[in-house]
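Take a look at the letters that make up each chain.
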Amino acid sequence: MKKITTLLFLLTSFFSFSQIKGIVSDDKGNPMAFVNIYVQNTYISTTSNDQGRFELNVKTPGTYVVLFQYLGYKTEKKVIEAQSFPQSVDVTLVEEEINLKEVIIDPKVNPADEMIRNAIKNRKENSEKTAKYKADFYSRGIFRVKNLPKTILGQKLDFFDDVIDSTRSGILYLSETVSKITFQKPDKLKEVIVASKVSGNDNGFSFNNAAQANFDFYENYLDFDVKVISPIADNAFNYYKYKFEGSFTDENNKLINKIKVIPRRDSEPAMNGYIYIVDDSYAIYAVDLSINGGQMSNPALNKLTLKQNFSYNNLTRIWAKNTQTIDFEAGIFGINMSGKFTYVYSNFEFEPQFEKKTFTAEVLKFEENANKKEDAFWETIRPVPLTNEETTDYLKKDALQTKKKSKVYLDSIDAIRNKFRFFDIINGYSYNNSYKKQFFNYNGPLFSTSFNTVQGWNSSIGFSYFTNNEEKRTYTSIGTRINYGFSEDKVRATASYTRKFNNIDDSTLSIFGGSSVNQFNSSNPISKNINSISSLFFVNNFMKLYEKNFVSINFGREVINGLNLNLGMEYSERKPLWNTTDQRSVKSEDEYTSNNPLLPFDFVTPAFEKHNLVKGSVTTRILFGQQYWTRPDGKFSLRNNKYPTLSLGYEKTFAATDKKYEYDFVSARVTHDMSIGNKGEMKMNFRTGKFFNAENIAFTDYKHFNGNQTHVASGDSYTNVFNNLPYYQLSTNDSFFETHIEHNDKGYLMNKIPLLNKLQSQLVLGFHNLSLPNQQPYQEFSIGLDNLGYGKFRLLRVDYVRSYQNGYQGDAIIFGLKFLNVIE
């Protein structure tokens, strides 16, 4: 009887769901999108979709005063007698008459400037009115592609062929979320997602969330890829000019001032458009602002537009943001994309104070079965109606998903993909059993062939097996790799096994074994491709190698939130290696150095004696202030940029061929990326360590520092390398302290310098220090330009480096080639 009563209650709740709905048009009959619609003196709100349709969710029959607000149009007030539901109301908006007579214009005084000064002056007071609240939150995200090319750089682009039309255009991604949020400025957030829907994926979780929508113009900066300056920031007049374009009176008889916002320089992260300011309180009424990718150091982005609407409640006397949209257009490699995010805030509850434990490390949580809601549920809770295009996309992709999950379909797709072609022998080949989630891969030698003076030309082939559980996000991987050195005439092989047990604490077990050629520095500071070029064309064999025959086991997991532990054990036999070739591609009298990094001109003495040992290690990583999302398929950690990351390690060797190879080593590392407002970003890396009982250990176990003698670098920052230090010059078996600091101005200075601002580059300043016992510290100072390139292709960086150790040591020009990250 209790179950029946509960069922009847749920059915009654469902069928008693209420709606006021209709279409908003202009006086010419054109539908109007993103109209701000809300019940007067409440926080019940919504917005119209691209076809002008709206649905306003009200719970009980009665009389409702509904306001329809759109920038540039007169606000329409409708008194609706809603005695039954759904209640249909169509609304026509007419253009607002902007009145310049409301303000006396003095040709010597810019009235907009005075309004903005008052808005800045009252910014903190207005912000604090919405500093703490609870609210309902809805978001929808959509990505579209237009005229998608069939190939890119010779590679087929057929991933989306089944979801785009004959013009190779269509929706790539569509998702929605409904959630409950608790927020306290500036950034404390707790979000519980009640429902999540992804088109074409009945097990998917939308990535839309309230944190990504938190753009507050009452703050000095809006956090995009760079810190975008708010038009009412403390330093706004350094970045903007303003023009008063008139005023109008809203439905609350409040004077609203329309102000055009104009960036002083096109190269800086400043927005262009309009901000509407309430005359008496100087609160924000609405914003309609745009910015391009060049201003945000994002060359792929063409344009981004951010719109916000605020509504006034006569009872609370608070202007609260109730709707927001973000539209963007982007393109690169012939791929043209556009997208839109729509956000609706409603049912605000402004709190004077929250309890201490309101905000925890868990900032987002999905309710159980949040991604399993039926269409009927969404029809009752979705505040913004779907457009015809979106409805069609859901229907099309839901049907396609059912088809895609079938064994017949998956087998047919695999039959095409599994077809073997002649060039797969050198390129690689994959055999998929998608229905069983099993994947077999063969990695060909084409992209794994390189040159070094120990092996000569050497190539590798690999075989691997991978299977995964998509719902639990676990996997198993087994692989082997076979390497052959032609000059050395020797085959080596390694094998690996990895198993991820769960996605809650990331428990992962890995087992490796075999025979391999390794750099003395386990960080592998020299890439194989760069070394091949450096050796063959410049007769510089910087890469020094030794052989390791080994078996190792590693287990890692998160112990508690923010504390990760990794345990490792390895038995290995180490053997010295010698050069076996002097092949080069240029005529030169220069000779290769030996493979002994300690004695580069001694071709007889090995760098160490052959020996065996067992090495155990314990490493921990502490992410202070780590926050996380909780989903049914696992935990997803978020690094808190307010705090540094601390890593601690202990390493011990034992059971060695000779006691002299046994030692203890402790280490610590602190890294921190710190934003300095709109003045850029500072990256810091501090590392220290100490050996014990290590006077006669093998050179393989020394602490080696990442040097660079090739004048070529990769990566987004150089906070883990000395760019003018010979690779093994300062290797140590004692103690050390390493400092790397790099500041990227993100265009703060470069954008203000005439002519140079046309480069759209970023100024990078660096300092690097290495302190060792009984030696003068080694130091590097660098200055460079990042984000160099042409048009949308900005993958270059150039630095000038000057080094000192007991006086001037040398200088170098370093060319940063970011595309090497992909190649390697």
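Residues numbered from 1 in each chain as written. Predicted model: local features only at pLDDT ≥ 70, side-chain atom pairs only at ≥ 80, totals over all residues. Heavy atoms only, no water.

Quick look at the overall build of the protein
We count it as follows: Helix and strand definitions here come from DSSP, where helices need a minimum of 4 consecutive H or I residues and strands a minimum of 2 consecutive E residues; each element is numbered from the N-terminal end. With the radius of gyration taken over C-alpha atoms, the globule rule is written as 2.2 Å times the number of residues to the power 0.38. Contact criterion: two residues are considered in contact whenever any of their non-hydrogen atoms come within 4.5 Å of each other. Where accessible areas are quoted, they stem from the Shrake-Rupley method and a 1.4 Å probe; at the residue level, only the protein chains shown are allowed to cover. The charged-residue count follows a simple rule in which Lys and Arg add positive charge and Asp and Glu add negative charge, with His and chain termini not counted at all. Each charge is placed at NZ for Lys, CZ for Arg, CG for Asp and CD for Glu.
Looking only at helices and strands, the protein has 9 helices and 44 strands in total. By the compact-globule yardstick of 28 Å for 824 residues, the protein fits well, its C-alpha radius of gyration being 32 Å. Its C-alpha atoms put the protein at 95 × 75 × 55 Å along the principal axes. Considering only contacts in the protein between residues 6 or more positions apart, those separated by 24 or more positions represent 60%. Counting only carbon and sulfur atoms, one obtains 55% of the accessible surface of the protein, whose full area is about 40600 Å². Of note, the protein has its 98 positive side-chain charges centred 2 Å away from the centre of its 91 negative side-chain charges.

Side note on the nonpolar core
Cut-off, in case you're wondering: Among buried residues, those of type Ala, Val, Leu, Ile, Met, Phe, Trp, Tyr and Cys that are joined through side-chain atoms within 4.5 Å constitute a nonpolar core. Residue exposure (1.4 Å probe, protein chains only): buried if accessible area is under 20% of the type maximum, exposed if over 50%, otherwise partly exposed.
Ranked by internal contacts, the top residues of the largest apolar core, which has 67 residues, are Tyr-240, Ile-275, Ile-284 and Tyr-285. Leaving out residues up to four positions away in the same chain, Ile-284 has contacts with Phe-217, Tyr-218, Ile-232, Ile-275, Tyr-276, Ile-277, Phe-310 and Trp-319. One finds Val-35, Leu-56, Val-58 and Val-66 within the second-largest nonpolar core, a separate group that totals 18 residues.

Notes on a nonpolar patch on the surface
What counts, and what does not: Patch definition: residues above 30% relative accessible area lacking any salt bridge, with like charges linked at up to 9 Å and the nonpolar side chains Val, Leu, Ile, Met, Phe, Trp and Tyr linked at up to 5 Å. We count a salt bridge whenever a side-chain nitrogen from Lys or Arg sits within 4 Å of a carboxyl oxygen from Asp or Glu.
Judged by side-chain polarity, Phe-420, Phe-422, Phe-423, Ile-425, Ile-426, Leu-446 and Phe-447 come together as a nonpolar surface patch covering roughly 810 Å² of accessible area. Mapped onto the secondary structure, Phe-447 falls in the loop between strand E25 (438-443) and strand E26 (449-452). On the basis of relative accessibility, which here comes to 72%, the residue Phe-447 falls in the exposed class.

A few points about helix H6 (residues 407-417)
Let me state the cut-off plainly: The directions from the helix axis to the C-beta atoms form the arc being described.
When we look at burial in H6, the residues that qualify are Tyr-409, Leu-410 and Asp-414. The arc that holds every buried residue of H6, seen down its axis, measures 130°, which confines them to one face. In H6, the exposed residues that point more than 90 degrees away from the buried face are Val-408, Ala-415 and Ile-416. Among the structural elements, helix H5 (388-405) and strand E24 (428-433) are those in contact with the buried residues of H6.

As for a negative patch on the surface
A cluster of like negative charges, contributed by Asp-582, Glu-589, Asp-590 and Glu-591, occupies part of the molecular surface. In this fold, Glu-591 is placed in the loop between strand E32 (563-576) and strand E33 (611-623).

Quick look at the packing of aromatic side chains
The line we're drawing: Note on aromatic pairs: the rings of Phe, Tyr and Trp (six-membered ring only in Trp) are paired at centre separations within 6.5 Å, and the planes decide the class, stacked below 30 degrees, edge-to-face beyond 60, tilted for the rest.
Applying the stated rule across the entire model yields 53 aromatic pairs. Ring centres of Phe-422 and Phe-423 lie 5.5 Å apart, and the angle between their planes is 80°; on these two criteria the pair is classed as edge-to-face. We note that Phe-422, like Phe-423, is exposed. Consider the rings of Phe-705 and Phe-736, whose centres lie 5.4 Å apart with planes at 75°: the pair is edge-to-face. Of the two residues, Phe-705 sits in the loop between strand E38 (681-692) and strand E39 (712-713) while Phe-736 sits in strand E40 (residues 735-744), which places them 31 residues apart along the sequence. Like Phe-736, Phe-705 is buried.

Side note on the sheet that holds strand E5 (residues 62-69)
The condition is simple: Here, any two strands with at least 2 DSSP bridges between them count as paired. Here, axes are lines fitted to C-alpha atoms. For helices the fit covers the stretch in contact, and angles between N-to-C directions go from 0 to 180 degrees.
Spatial strand order, E3-E2-E5-E6: 4 strands in an open sheet with antiparallel pairing. Looking at the sheet topology across the chains shown, the edges are occupied by strand E3 (45-47) and strand E6 (76-82). Between one strand axis and the next, the sheet turns by 25° as a mean value, whatever way the strands run. Taken together, the 4 bridges between strand E2 (residues 36-39) and E5 define a ladder with antiparallel strand orientation. Across the sheet, Ile-37 pairs through a bridge with Phe-68, a residue of E5.

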